[in-house]
Amino acid sequence: MVKKVFLYFILFTGIILSQKLPENIIILIGDGMGLDYVTANIVSDKDNPFVKFTSIGLSLTSSAKNLITDSGAGATALSTGYRSYNHAIGVDTLQKPLLNLLELAERSGKNSGVIATGSVTDATPASFLAHVADRQYETEIARQTYYGDADVVIGGGRSFFSSAGKGGRQIETIDYIDSMKNRGYNYFEDLKNLRNIKPDKPLFILLENKGLKPAGERDYGLADMVSAALNYFTLSKKGFVLMVEGSQIDWAAHDNKTSQMLKEIDDFTEAVNTALDFAGKNKNTLVIVTSDHETGGGSLNGGNLDGTDLDIEFNTTGHTAGMVGIFAKGPGEENFRCIMPNNYIARKLFRLLDPGYKFH
Ligand SMILES: [Zn+2]
C-alpha cells in the first residue's frame, strides 16, 4: 500500500514537473460572450483569433447557489477557483476573502494587471482586484484597488476613486487620484501621452468617470489598452498575470442589440489578437480566452455564408446557463481541453503559477 501511494506520488509530481509552466498569463474574458456570438465572429471576420487557438474546452458557468450566474460570482469563480453566491466579489459563500489569481502572481514575484471597457470597479474586474460582499460597493472596491498590489489598472471608473468635491463618489477628504499622483504613480486619463513610464510604480489609466464609450465611438480600442499594459510589463521584466475584460459585449446583449454586440466582440477580438501577437514573440506566455456566462440567449438565426447580414435572435434580456468556450494557447494549454466548471479554469491557472498550491 505504502509503495503504491509512493508510486502515485512520484507519477503525480512527475506530471506536474514535466509540465512547462508559463512565465506570463493573459486571461481575456468576453463578458456574456456565448458560443453563437463567437460563431458570428468566426464567420464574419477573417482575422478572428478563435481559430488560432490550439486547445479548446467548454465552461459550465453556474454559481454556488444558482444555475444562472451573475458577473460577480462568474468572475469570482474565474479569479479565485471557488464558486460563490451571485453578486459576490472575491469572497466565498460565507463572505470570507479568497486569494485571487493576481494576488498569487504578486506573491510569486510577478506583476499583475486588470483592464476593462467598463468601470474597473464593475463586477468582473473587481473580482480580480478586491474582496467585498456585494458588487454594488464600488467605492470600497476602488479603495481596495488603490491599496492593493495590482501594477496595471486600465479602464473606466475614475469617479469611484475621486472625492465628492471633485464630482467623485469618495467622501470629501479622500481622493485616491491625488494620492496616486502624490506617490509618483504612472497616472493617466488617456492613452495618447504615455511617456516616462516608471516600471517600479503602478500604471493607472482611468479613461472615463464610469464605463468607456461603446466600441466604435472611441478613438482607441481595447487592443490599445492591452498594448499599454504589455509595454509596461515588457519594461518591468518580472513576468505577469493580466486579466482583460470586453465588458460591454454583455451590455449590448442585455439590450438585445445585435450590431453593437458584434462591434464589441470585434473590439475584444482585436485585443485577443494583440495578446496572441505578444505570445508569438514571448513563447512563455499562456493566452486564454473565455466568458463568465452567456447573455441574451442569442442564436445565430440567419445571414449569409460570407458573414454579412447576420441575424441574432435573443430570447432574454438576462443571462443564461449555456456553456461558453475556453480557448487556450501557450505553455499549459493542454489543461483546458475538456468540459469543466468555471472555477476549475482558475484552479488550473493557480497550479500553473504555483504547482504546489492547495485548495481547501
Ligand atoms: Zn450581464
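Every value quoted in this text rests on a predicted model; they were computed, and no experiment measured them. (Residues numbered from 1 in each chain as written. Predicted model: local features only at pLDDT ≥ 70, side-chain atom pairs only at ≥ 80, totals over all residues.)

Quick question: what am I supposed to make of the overall build of the protein here?
Secondary structure assignment for the protein yields eleven helices and 14 strands. Counting only C-alpha atoms, the protein reaches 70 × 50 × 40 Å along its principal axes. Counting contacts in the protein only where the partners sit at least 6 residues apart, residues at least 24 apart contribute 68% of the total. (Helix = DSSP H or I, 4+ residues; strand = E, 2+ residues; numbered from the N terminus. Contact = placed C-beta atoms within 7 Å.)

Looking at this structure, I do not really get the packing of helix α2 (residues 35-44) against helix α10 (residues 258-281). What am I missing?
To describe two helices that pack against each other, one gives the angle between their axes and the distance between the axes. Where α2 contacts α10, the two axes come as close as 10 Å, and the packing angle between them is 75 degrees. The angle between α2 and α10 falls in the class roughly perpendicular. Two secondary-structure elements touch here, α2 through Y37, A40 and N41 and α10 through M261, L262, I265 and T269. Each residue belonging to the contact of α2 with α10 can be placed in one class, and the counts come to five nonpolar, two polar and no charged. (Axes fitted to C-alpha atoms, helices over the stretch in contact; angles between N-to-C directions. Parallel < 35°, antiparallel > 145°, perpendicular 65-115°, else oblique. Nonpolar A, V, L, I, M, F, W, Y, C, P; charged D, E, K, R; others polar.)

What am I meant to see in the pairing of strand β1 (residues 24-30) here?
Two faces belong to every sheet, and in a regular strand the side chains alternate between them. Across the seven residues of β1, seven count as buried, placing the element largely inside the fold. Judged by which residues are buried, β1 turns out to be covered on both faces: N24, I26, L28 and G30 on one side and I25, I27 and I29 on the other are all buried. As paired elements, β1 and strand β8 (residues 285-290) share six bridges and run parallel to each other. Across the sheet, I26 pairs through a bridge with V287, a residue of β8. As defined by bridge partners, β1 adjoins strand β7 (residues 240-246) across six bridges and the pair is classed as parallel. The residue of β7 that forms the bridge with I26 is L242. (Buried ≥ 20, exposed ≤ 12 C-beta atoms within 10 Å, placed from the backbone. Pairing = 2+ DSSP bridges.)

Which parts of the structure should I look at to understand the nonpolar core?
One broad rule of soluble globular proteins: the nonpolar side chains tend to lie buried together. Membership of the largest hydrophobic core comes to 93 residues, with the highest contact counts inside it found for L28, L101, V114, V226, A229, V244 and I288. Every residue in contact with V114, bar those within four places of it in the chain, is listed here: V120, P125, F128, L129, A150, V153 and M243. (Core = buried A, V, L, I, M, F, W, Y, C linked by C-beta atoms within 7 Å.)

Looking at this model, I keep getting lost on the packing of helix α3 (residues 71-80) against helix α11 (residues 342-353). Mind explaining?
Two elements in contact, α3 and α11, have axes whose closest approach is 6 Å; the angle formed by their N-to-C orientations is 25 degrees. For the element pair α3 / α11, the angle class is roughly parallel. The segment α3 lies against α11, with G74, A77, L78, S79 and T80 engaging N342, N343, I345 and A346.

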